[in-house]
Amino acid sequence: MRIGLVGYGKMGRMIESLALERGHSISAIVDPFTDADKKFPSGAPLCKDIASAGALEASDVVIEFTHPSTVLDNIKALTERKLPVVVGTTGWHDHLDEVSSWVAKSGSSLLWASNFSLGVNLFYEIAAFTAKLLDPYAEYDVGGWEAHHNKKADSPSGTAKTLVETVLKEMTRKSKAVYETLEHRPPAAEELHYPSLRVGSVPGTHSLFFDSPSDTIEITHTVRNREGLASGAIQAAEWLAAAERKGMFTMRDVLKTLSRKN
Ligand SMILES: NC(=O)c1ccc[n+]([C@@H]2O[C@H](COP(=O)([O-])OP(=O)(O)OC[C@H]3O[C@@H](n4cnc5c(N)ncnc54)[C@H](O)[C@@H]3O)[C@@H](O)[C@H]2O)c1
């Protein structure tokens, strides 16, 4: 499979190296801020933007890991070229409806996930199950927190939002997420409080507490390294390119196929 890379930062580099290990090739790398003199392991041409990246057209699929400020422009440019795209950048999910309409109009395909790690996607399923199980037991309140490195641009993380929305869907007692600091008031009964911490080099930790007067049931997912994220994005790209798929997809769709195989 020929993979185009848009964004050649921490994730783009790791995806390149894992993709080569899995026998894929890289058609082109798009990143306006990467050193053009540097030799890339894949030998792919470096382009400053999608518009001038002719070699990108030969991609079976494009993987996008850039920045919340540029991701929507990139998605638009890639879907207009009808290139199947896997989007890892977070911080744009409030625009899902708009993006869906671009994808539908162009007849292309887009797979997005706030977190590509297999473990996190299984963690969402565990969180949904636990929330549903504990919903009838009013003595168990629910809340949580997430931690990431101090260079992360968006807060709360996309993963935190997906996790909290997953819990809200299953818990009739909770209807509203609150990510901000609660100034001078306790949370209302229907609110689920889920603040963010930004510190050091933490790759990503998400916790949920189901807390009663007598005990706490705590579930936590801790990322140990970015490899799981990069390999999940490649598995998603393989899934998207494997069939004539049109429309919007998430890691849930990939997981359905993987769970049938395992
Ligand atoms: N969904 C997931 O599983 C997952 C995992 C890790 C990171 N992320 C998200 O992915 C994004 C990137 O993460 P990272 O750790 O690689 O960041 P990074 O800062 O290391 O790399 C981002 C790269 O994008 C490049 N870039 C900026 N504007 C660009 C443009 N217009 N076109 C092409 N490239 C451009 C930058 O030069 C940089 O090299 C962030 O939003 C992060 O939160 C998501």
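Residues numbered from 1 in each chain as written. Predicted model: local features only at pLDDT ≥ 70, side-chain atom pairs only at ≥ 80, totals over all residues.

All right, on to the site of the ligand then. Neighbouring residues of the ligand: 28 residues in total, closest Gly 7, Gly 9, Lys 10, Met 11 and Phe 33. Broken down by element, the residue count for the shell around the ligand peaks at three residues, all from helix α1 (residues 10-21). (Near = placed C-beta within 6 Å. Helix = DSSP H or I, 4+ residues; strand = E, 2+ residues; numbered from the N terminus.)

Let us now look at the environment of Thr 166. Tracing the sequence through the fold places Thr 166 in helix α5 (residues 158-170). In contact with Thr 166, not counting residues within four places along its chain, are Tyr 124, Ala 127 and Ala 128. (Contact = placed C-beta atoms within 7 Å.)

Let us now look at the sheet that holds strand β1 (residues 2-6). The strand order across the open sheet formed by seven strands is β3-β2-β1-β4-β5-β6-β13, and the pairing between neighbours is parallel. For this open sheet the edge positions go to β3 (46-47) and β13 (247-250), each flanked by a neighbour on one side alone. Both strand β2 (residues 25-30) and β3 contribute to a ladder of two bridges, which runs parallel. Bridge assignment links Ile 29 to a residue of β3, and that residue is Leu 46. Packing against the sheet, α1 makes contact with β1, β2 and β4 (61-64), and its axis sits at approximately 170° to β1. (Pairing = 2+ DSSP bridges. Axes fitted to C-alpha atoms, helices over the stretch in contact; angles between N-to-C directions.)

A few words on the nonpolar core. Ile 63, Val 86, Ala 233, Ala 236 and Ala 237 are the most contacted members of the largest nonpolar core, which has 48 residues in total. Among the elements that make up this core, the one with the highest residue count is helix α6 (residues 227-242) (nine residues). Judged by nonpolar contacts, the second largest core, of 17 residues, contains Tyr 124, Leu 134, Val 142 and Val 167. (Core = buried A, V, L, I, M, F, W, Y, C linked by C-beta atoms within 7 Å. Buried ≥ 20, exposed ≤ 12 C-beta atoms within 10 Å, placed from the backbone.)

Moving on, we get to the domain arrangement of the protein chain. Taken domain by domain, the protein chain comprises domain 1 (2-116 + 226-261) and domain 2 (118-222). Using C-alpha coordinates to define each centre, domain 1 is positioned 28 Å away from domain 2. Contact with domain 1, which involves twelve residues of that partner, is made by twelve residues of domain 2. Of all elements in the fold, only α6 and α7 (251-261) reach the threshold of two or more residues within the side of domain 1 that touches domain 2. Across the side of domain 1 that touches domain 2, the residue classes break down as three nonpolar, eight polar and one charged. (Domains from an automatic or database assignment. Nonpolar A, V, L, I, M, F, W, Y, C, P; charged D, E, K, R; others polar.)

Next up on the list: α5. Taking 1.5 Å as the rise per residue, α5 with 13 residues should run 18 Å; its terminal C-alpha atoms sit 19 Å apart, in good agreement. Within the sequence span of α5, burial applies to Thr 159, Ala 160, Lys 161, Thr 162, Leu 163, Val 164 and Val 167. Buried residues belonging to α5 abut α4 (118-134), β7 (141-148), β8 (176-178), β9 (191-193), β10 (196-198) and β11 (205-211). (Expected span 1.5 Å × (residues − 1).)

Moving on to α1. With twelve residues, α1 should cover 16 Å at 1.5 Å per step; its first-to-last C-alpha distance of 17 Å lies within 8% of that length. Met 11, Gly 12, Ile 15, Glu 16 and Ala 19 are the residues of α1 that are buried. For α1, the angular spread of the buried residues around the axis is 135°, confining them to a single face. (Arc of directions from axis to C-beta.)

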